[in-house]
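Listed below are the residues making up each chain.
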Amino acid sequence: MSLVYRPARAEDLTAADALVVASINDLTTRHGFGPMATPSAPNLQLFSLKDDPDGLWIAEDDGDLLGFAWSWVCGDLWFLAQLFVDPAQQGRGIGNELLKLTLEHARTSAVAHKALITFTFNRVSQGLYIRHGLFPRMPIYFLSAARERVMEGLPEPALQSIPIDGSAATMETLAEIDSRAIGLPREKHHRYLLNDPATTGVLLCAGSDYVGYSYVSSSGHIGPLAVREVDDLGVVFAAALRMAADRSCETISAFLPGTCQSALSLAVSHGMRITFPMLLMASQGFGTWTRYLPRNPGFM
Ligand SMILES: CC(C)(COP(=O)(O)OP(=O)(O)OC[C@H]1O[C@@H](n2cnc3c(N)ncnc32)[C@H](O)[C@@H]1OP(=O)(O)O)[C@@H](O)C(=O)NCCC(=O)NCCS
């Protein structure tokens, strides 16, 4: 037995995804939610590795993968996208060591804020994050429903949509919306989504004013979504629901912060059900989103 911690390499990422899926499903099944995760190509992990390799770490023993941590930095924000330990190896200090390595990534990047999204029902992860100065800030619910149910009575879109392209003008508009919604521009992440063939992004306009943007994936998942003004959240989320409903997907889903009341009310009134309760944890001064719906706990 020789437990080592080392930087992750591109060839580790498929096995790391399998470990993450097994660890999530072990946790969600133990808590009565049933399995939540399915394997997928580690595209965002690979993108992060190329962008900033200091955030991805592996714990292994004689070639066996025991744990994986992945953080990314964007502007002033360090975000812990994943921290997972093999279920058979939990509780022996591996998660704590991996977290320390990724927090070193935050320290050397000299960020102002640190944040992550975890499972509300995981006492271990929350206790570990509190130990390292990341505190519970805001509930985030994963809601979903059958497409047919969401479509019932869905209003016709009140906004015009313009496909997001890679032009400087579009990136400037997105940067301005993100800066108001979450305090930082995320151009590299918009460019990542632009290259994802399974995702469509649009700017939403009222006349000649851009009020927000939304992405919708071919599976019917909404997010990220952001608005310039809190009062526009409901109408932008309604447009995103319509975009999702126009696809040939079976279900429609989204992550909705507890502070995004108009979107939550609309989701529930269209039959969407709380499937997984999640939680934003962050260092001081970050994390009350009233104008932003994250894509998932890894992308934010
Ligand atoms: C969360 C996870 C990564 C932690 O890794 P781990 O190797 O099991 O954790 P460690 O043994 O390093 O540390 C556990 C620490 O959690 C804290 N902890 C555990 N239970 C706790 C509780 N009920 N209340 C408060 N703190 C608690 C303690 O600080 C404990 O350390 P200690 O035993 O030395 O006091 C791992 O358990 C895991 O993969 N869980 C399932 C997936 C998951 O939720 N990942 C986080 C996604 S954001």
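Please refer to the structure placed before this passage.
Going along each chain's sequence as written, the residues are numbered from 1 onward. pLDDT decides what is reported in this predicted model: residues at 70 or higher carry local features, side-chain atom pairs at 80 or more are listed and counted, and totals for whole chains, interfaces and linings draw on all residues regardless. Hydrogens and water molecules were not included; the side-chain quantities draw on all heavy atoms of the structure.

A. Representation of helix α6 (residues 168-182) in the model. Think of it this way: any DSSP run of H or I at least four residues long counts as a helix, any run of E at least two long counts as a strand, and we number them from the N terminus. Expected span of a helix, by definition, is 1.5 Å for each gap between consecutive residues, and there is one gap fewer than residues. Relative to the 21 Å expected for 15 residues at 1.5 Å per residue, α6 spans 20 Å between its end C-alpha atoms, a close match to the ideal helical length. Residues Thr170, Met171, Thr173, Leu174, Ile177, Asp178, Ala181 and Ile182 constitute the buried set of α6. For α6, the angular spread of the buried residues around the axis is 160 degrees, confining them to a single face. Seen from the buried face of α6, the exposed residues on the opposite side, beyond 90 degrees, are Ala168, Ala169 and Glu172. The contact definition used throughout considers only heavy atoms, calling two residues in contact when any of these lie within 4.5 Å. Where the residues of α6 are buried, they touch α7 (187-194), β8 (199-206), β9 (209-217), β10 (221-227) and β13 (292-293). The buried label applies to any residue whose accessible area, calculated with a 1.4 Å probe on protein chains only, is under 20% of its type's maximum; exposed applies above 50%, and partly exposed to all values in between. Here the arc refers to the set of directions running from the helix axis out to each C-beta atom.

B. Up close: the site of the ligand. As a matter of local geometry, the ligand sits amid 23 residues, with Gly93, Gly95, Asn96, Asn122 and Arg131 nearest to it. For the purposes of these results, a polar contact is taken to be a pair of N or O atoms within 3.5 Å, where, inside protein, one atom must be able to donate a hydrogen and its partner to accept one; residues adjacent in sequence count only when each atom of the pair is a side-chain atom. At 3.3 Å from an oxygen atom of the ligand is found a main-chain nitrogen or oxygen belonging to Arg92. Separating an oxygen atom of the ligand from a side-chain N or O atom of Asn122 is a distance of 2.5 Å. When isolated, the ligand has an accessible area of 970 Å², and the protein chains bury 73% of it. Within the residue set of the shell around the ligand, elements represented by two or more residues are α1 (13-30), β4 (77-85), α3 (94-109), β5 (113-119) and α4 (123-131). Per-element accounting of the shell around the ligand gives the leading share, seven residues, to α4. Each residue is assigned to one of three groups, with Ala, Val, Leu, Ile, Met, Phe, Trp, Tyr, Cys and Pro labelled nonpolar, Asp, Glu, Lys and Arg labelled charged, and all others, Gly among them, labelled polar. Class assignment for the residues of the shell around the ligand results in 10 nonpolar, 10 polar and three charged. The criterion for a residue being near a molecule or strand is simple. One of its heavy atoms has to lie within 4 Å of it. In short, Shrake-Rupley with a 1.4 Å probe defines the accessible areas, and a residue's cover is counted only from the protein chains shown.

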